[in-house]
Amino acid sequence: MIKTTKGFYKIPEEVLKDIDFYRQEVERFLKGEVPPDRFKPFRVSRGVYAQRGQTTYMVRIKVPAGGLTPEQMERIAELSERYGNGIPHVTTRQDFQIHWVKIEDTPEVMKGLAEVGLTTKGGGGNTVRNVTACPDAGVCNREAFDVAPFAIALTEYFLSHPKAFNLPRKFKIAFSGCSDDCALATVNDVGFIAKKRVIDGKEVEGFAVYAAGGMGAHSRVADLIEEFIPKEDALYVAEAVMNLFYEHGNRRNKHRARLRFVMERYGHQRFTELYRQELEELKKDPAKRLDPKPLPLLRDLEAPVKVKGLPPSERAAFEEWKRWNVRPQKQEGFYYAKIRLTVGDITSGDLKNLARIVRDYGEGSIRTTHNQNMVIRWLRTDELPALYMDLKGIGLAEKGAGRVDDVLCCPGAATCNLGICLSKNMALVLSDELKRSDLPLDDLQGVEIKISGCPNSCGQHPVGTIGLHGAARRGDGRMAPHYEVLLGGKVEEGHTRLGKPFGFVPAKAIPSCMKEILRSFAEGRKEGEDFHSFLERKEGDLKEIVTRYARLPQYEEARDYYMDWGAKEEFSLAGLGPGECGAGVFDMIESDINDAKRHLEAARDAMVGKIDKDAGEELYKALLSAAKALLIVRGVEPTDDLEAFRVFEKQFVDKGLLPEGFRGLQKKGAQFLSGLLDEEGLKEGLGFVEDLVRRVEGLYQSLDDSLRFRAEKEEEKEEEKGPSREGATAFMDLRGVKCPINYVKAKIKLEEMEEGETLLLYLDDGEPIRNVPSSLRNDGQEILRMEKVDDHYELLVKKVV
């Protein structure tokens, strides 16, 4: 049995015992007794994720409310050093992550963490994830009351709850101490915002409750479901919403499985009715009323403070650090100090040194933040110079925590299977460019840049003042890394809103684009005007900036645009993890649809003289983008415009998926380019292309997991069954076919086959053999054989599902 010391939360006995069970399953997996597809959900729910390349793993540690003791910090550092890459990472949900761990070492990592009161259980998968809270909870001047104890109480409860580890999808809970909503309660599955009310002449502490928010490919601001509940009822409410999700969440389609889709399906009224039914049942058990105790101070505040003289050469730097990184607490005479990390990373050595510093200052513990930084609290004024010098001694006294150049990001494609772009490299380059620029960074308070490597929003891009998410875009016959630019995101109770998309910009043009947007704001704002008000006034100007940088140069003109930041090879979707070739497919479809919309908007502007462009040419580009968008689903990558129009007609008009009126797009396109259309002709053409784009987007929305359209009418053709090459039922030669087209072709072929039949594939070395097998395996198919023959690979796949 593992001996554990209690940190800020108590690990239940069954979770400690589960580590031994996990160790046994790892051993069985390594012996080949447990298939990878069965082992995956088992490990993921315990916070163990496969990294890019599928040979090492990331271990995510639950840190509710962000609270860590020095012993826990040291243990995380030691385990990262011994089993990982020696660079622990702070996430945007206050967790810690250890990267590059071998699967056989993960049980030892779990054991080592448990010994100091930390667990990975629920660190991933379809579980109740880390419960977050404001990092300044308990010391904030604006808070109604300290919410951190509630995050701890819910963590301890759900760690023992069987439903909490068998949900339709992940389930996120957050506690904010005031309407500033520092914990992002209004974009969580359940969000609590602390309030005070006078009831029957007495002041009562409680929460406003929000539900069904979340960020991802389909982000949503949460609905208010309770204007006020007594704080003691927080567990009832959280469990009631979780039970609703357990019963009504979509378990068949993971892309529509989050709680926010339940709200969209049922509507606010029905959702609330279901929630109240669950709540009424739970309230029959009075034992679940909460009265959590404040988190303990680990250091005596009356102990002598550490005093260190400040060298004259450091006084100016100290004052700057204090101006940006130090804030007064609500407790008179005390302060808290923010420690700025670079993209959430800290070396094991620095984390050990920081733990030693934390023991000597303030409350003797630390809090992680949603901005991937850390906070030391309960500091006296005369401690600050000594703390600054100690932090400077280990390289952690950089000023500007929370400033615009303190860019937030997820790990991205460097380690994540879902990552499309190298978001961490992007953040580092952008931060450095901003620091070296002549922009008045200190005057741009309130502007935050948040970056995700894909649309899944781990970098919180939907609510960034400026948000960026990675995307793959085609140009000159090649793919190039891009970011979609969103502006105007904000989190504040009653005012939370998602950023508005302004267009896609090549990754290499992002620093210049961002600097111009920030310069426009710095020089064009009115006195006291924030970015959101400026955006309302100057949306057109900002749109023009993004549009100007959206151009992707031809390959021979600027080859570096076809490489991601920090990459040594040309950009591709190589390395996307199991099943994520499909994500690349969807990204390319969305890219073409968004291109079509962008050219439509340009055509409208050109028709009224707003911009100096040829309206007919823009209509042609919109028409072509719409025609190309869905061809990838049919396994086709057109070599020219003529082929795109021809295959579009064959696949979508001939098969009844689109009306006959969309036949003859090549002729329509020629009319647009002729320059002979008058105003009426252009208006008619605009309406035609708008209708086409709407219908293409509708078909895209109806795609199921097998890449089939809901409205598809084509009859299934019975193929002659029988032996193919080497006894396989069917054979496909995919040599020379690029990713993800090769995967799509194989997937479509398997959909036509019967369960138990086999498909032999010929695949090229490199990206195809790295991606296609893992993607098909994650689709549920069985890989029987993978063997290199001469200059290619033979892959034998058994149809399972």
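Residues numbered from 1 in each chain as written. Predicted model: local features only at pLDDT ≥ 70, side-chain atom pairs only at ≥ 80, totals over all residues. Heavy atoms only, no water.

Attention shifts here to the overall build of the protein. Tallying secondary structure elements over the protein gives 20 helices and 23 strands in all. A compact globule built from 801 residues should have a C-alpha radius of gyration of about 28 Å, and the protein, at 28 Å, falls within 12% of that. Counting every position in the protein, which comprises 801 residues, the buried fraction comes to 58%. Within the protein, contacts between residues at least 6 apart in sequence are counted, and of these 69% link residues at least 24 apart. Here the protein displays about 33,300 Å² of accessible surface, and carbon together with sulfur accounts for 47% of that area. Here the protein holds 121 positive side-chain charges and 132 negative ones, and the gap between their average locations is 2 Å. (Helix = DSSP H or I, 4+ residues; strand = E, 2+ residues; numbered from the N terminus. Rg over C-alpha atoms; globule rule 2.2 N^0.38 Å. Buried < 20%, exposed > 50% of the residue type's maximum accessible area, 1.4 Å probe, protein only. Contact = heavy atoms within 4.5 Å. Areas by Shrake-Rupley, 256 points an atom, 1.4 Å probe, with all protein chains shown as cover. Lys, Arg positive; Asp, Glu negative; His and termini not counted. Charge placed at Lys NZ, Arg CZ, Asp CG, Glu CD.)

Before going further, it helps to examine helix 13 (residues 531-549). Here helix 13 spans only 20 Å end to end across 19 residues, well under the 27 Å set by a 1.5 Å rise per residue. Taken as a whole, helix 13 has its buried residues at Phe531, His532, Phe534, Leu535, Leu542, Ile545 and Val546. In the core, the buried residues of helix 13 are packed alongside strand 17 (466-475), strand 18 (478-487), strand 19 (500-506) and helix 12 (510-524). Among the residues of helix 13, the N-terminal cap falls to Asp530, whose side-chain oxygen and the backbone nitrogen of His532 are separated by 3.3 Å. (Expected span 1.5 Å × (residues − 1). Polar contact = N/O pair within 3.5 Å; in protein donor to acceptor, adjacent residues only side chain to side chain.)

With phi around 65°, Gln372 is a residue other than glycine that occupies positive phi space. When you line up the elements, Gln372 lands in the loop between strand 13 (366-368) and strand 14 (374-380). For Gln460, which is not glycine, the phi dihedral falls at a positive 60°. If you trace the backbone, Gln460 turns up in the loop between strand 16 (449-452) and strand 17. When its relative accessible area of 3% is taken as the criterion, Gln460 is described as buried.

The next point concerns the confidence of the model for the protein. For the protein, per-residue confidence averages 91 on the pLDDT scale, and residues scoring 70 or more make up 95% of the total. For residues 578-583, every residue scores under 50 in pLDDT, and the model assigns this stretch 17 contacts once sequence neighbours within four places are set aside. Here residues 713-724 scores under 50 on pLDDT; set against residues more than four positions off or in separate chains, the count is 17 contacts. (pLDDT = per-residue confidence, 0-100.)

Between helix 5 (residues 148-158) and helix 6 (residues 234-248), whose axes approach to 10 Å, the crossing angle comes to 50°. Taken together, the axes of helix 5 and helix 6 lie oblique to each other. Classified by chirality, the crossing of helix 6 by helix 5 is right-handed. Residue-level contacts link Phe150, Leu154, Tyr157 and Phe158 of helix 5 to Ala234, Leu235, Ala238, Glu239 and Met242 of helix 6. Residues of the contact of helix 5 with helix 6, tallied by class, amount to eight nonpolar, no polar and one charged. (Axes fitted to C-alpha atoms, helices over the stretch in contact; angles between N-to-C directions. Parallel < 35°, antiparallel > 145°, perpendicular 65-115°, else oblique. Left-handed = near helix turned anticlockwise from the far one by under 90°. Nonpolar A, V, L, I, M, F, W, Y, C, P; charged D, E, K, R; others polar.)

Here the structure, examined in full by the defined rule, presents 74 salt bridges. A salt bridge links Glu74 to Arg359, with the nearest nitrogen and oxygen atoms 2.7 Å apart. With Glu74 in helix 3 (residues 70-83) and Arg359 in helix 9 (residues 348-359), the pair connects residues that are 285 residues apart, well separated along the chain. A residue is classified by how much of its surface remains accessible, and Glu74, at 17% relative accessible area, is buried. With relative accessibility at 32%, the residue Arg359 sits in the partly exposed group. Note that Asp180 and Arg142 form a salt bridge whose closest N and O atoms lie 2.6 Å from each other. Taken together, the residues span a long stretch of sequence, with Asp180 in the loop between strand 7 (173-176) and strand 8 (190-199) and Arg142 in the loop between strand 6 (132-133) and helix 5 at a distance of 38 residues. (Salt bridge = Lys/Arg side-chain N within 4 Å of Asp/Glu carboxyl O.)

This paragraph deals with the sheet that holds strand 5 (residues 96-101). Spatial strand order, 1-2-5-4: four strands in an open sheet with antiparallel pairing. At either end of the open sheet lies a strand with only one pairing partner, and these are strand 1 (48-50) and strand 4 (89-90). As paired strands, strand 4 and strand 5 are joined by two bridges and run antiparallel to one another. When the bridges of strand 5 are listed, Val90 appears paired with Phe96. Relative to strand 5, helix 3 is tilted by about 15°, and along the sheet it contacts strand 2 (57-61) and strand 5. (Pairing = 2+ DSSP bridges.)

Proteins that are soluble and globular tend to have nonpolar side chains buried together. The biggest cluster of nonpolar side chains holds 121 residues, and the ones touching the most others in it are Phe171, Ile173, Phe175, Phe192, Phe207 and Leu354. With 10 residues, helix 6 is the single largest residue contributor to this core. In contact with Phe175, other than residues within four places in its own chain, are Val131, Thr132, Ala133, Cys134, Val147, Phe150, Ala151, Leu154, Ala183, Phe192, Phe207 and Ala234. If you look at the next biggest cluster of nonpolar residues, it comprises 113 residues, including Ala507, Tyr561, Leu686 and Val737. (Core = buried A, V, L, I, M, F, W, Y, C linked by side-chain atoms within 4.5 Å.)

The next subject is helix 10 (residues 384-393). In terms of residue burial, helix 10 counts as a mostly covered element, since eight of its 10 residues are buried. Of the positions making up helix 10, those classed as buried are Leu384, Pro385, Ala386, Leu387, Tyr388, Met389, Asp390 and Leu391. On its buried face, helix 10 is in contact with helix 8 (315-325), strand 11 (326-328), strand 12 (334-339), helix 9 and strand 14. Downstream of helix 10 by one or two residues, Gly395 has phi in the positive range, about 75°.

Take the sheet that holds strand 10 (residues 223-230) next. On the basis of which strands lie adjacent, the open sheet formed by five strands has the order 6-7-8-9-10 and mixed pairing. A single partner strand is all that each edge strand has here, and the edge strands are strand 6 and strand 10. In this structure, strand 7 lies alongside strand 8, joined through four bridges in parallel fashion. For Ala174, the partnering residue across the bridge sits in strand 8 and is Gly191. Against the sheet, helix 5 touches strand 6, strand 7, strand 8 and strand 9 (202-211), its axis set at about 160° to strand 7.

Moving on, we get to the packing of helix 8 against helix 10. Helix 10 packs onto helix 8 with a crossing angle of 100° between their chain directions and a minimal axis gap of 11 Å. Between helix 8 and helix 10, the angle falls in the class roughly perpendicular. Side by side, helix 8 and helix 10 meet where Ala317, Phe318, Trp321 and Lys322 of the first sit next to Leu384, Pro385, Leu387, Tyr388 and Leu391 of the second. Its residues placed into classes, the contact of helix 8 with helix 10 shows eight nonpolar, no polar and one charged.

Tracing the sequence through the fold places Thr69 in the loop between strand 3 (67-68) and helix 3. Aside from chain neighbours lying at most four places away, what touches Thr69 is Phe8 and Leu298.

Applying the stated criterion across every chain yields a total of 26 aromatic pairs. Relative to Phe531, the ring of Phe521 lies with its centre 5.2 Å away and its plane at 70°, an arrangement referred to as edge-to-face. Here the residue Phe521 occupies a position in helix 12, and Phe531 occupies one in helix 13, the gap between them amounting to 10 residues. A relative accessible area of 1% means that Phe521 is categorised as buried. Among the aromatic residues, those joined into a ring-pair cluster are Phe21, Tyr22, Phe29, Phe39 and Phe42. Geometry around Trp565 places Lys508 over its ring, the cationic atom sitting 5.0 Å from the centre. Here the basic side chain of Lys668 rests over the ring of Phe688, its NZ or CZ set 4.5 Å away from the ring centre. (Phe/Tyr/Trp six-rings, centres within 6.5 Å; stacked < 30°, edge-to-face > 60°. Lys NZ or Arg CZ within 6 Å of the ring centre and 35° of its normal.)

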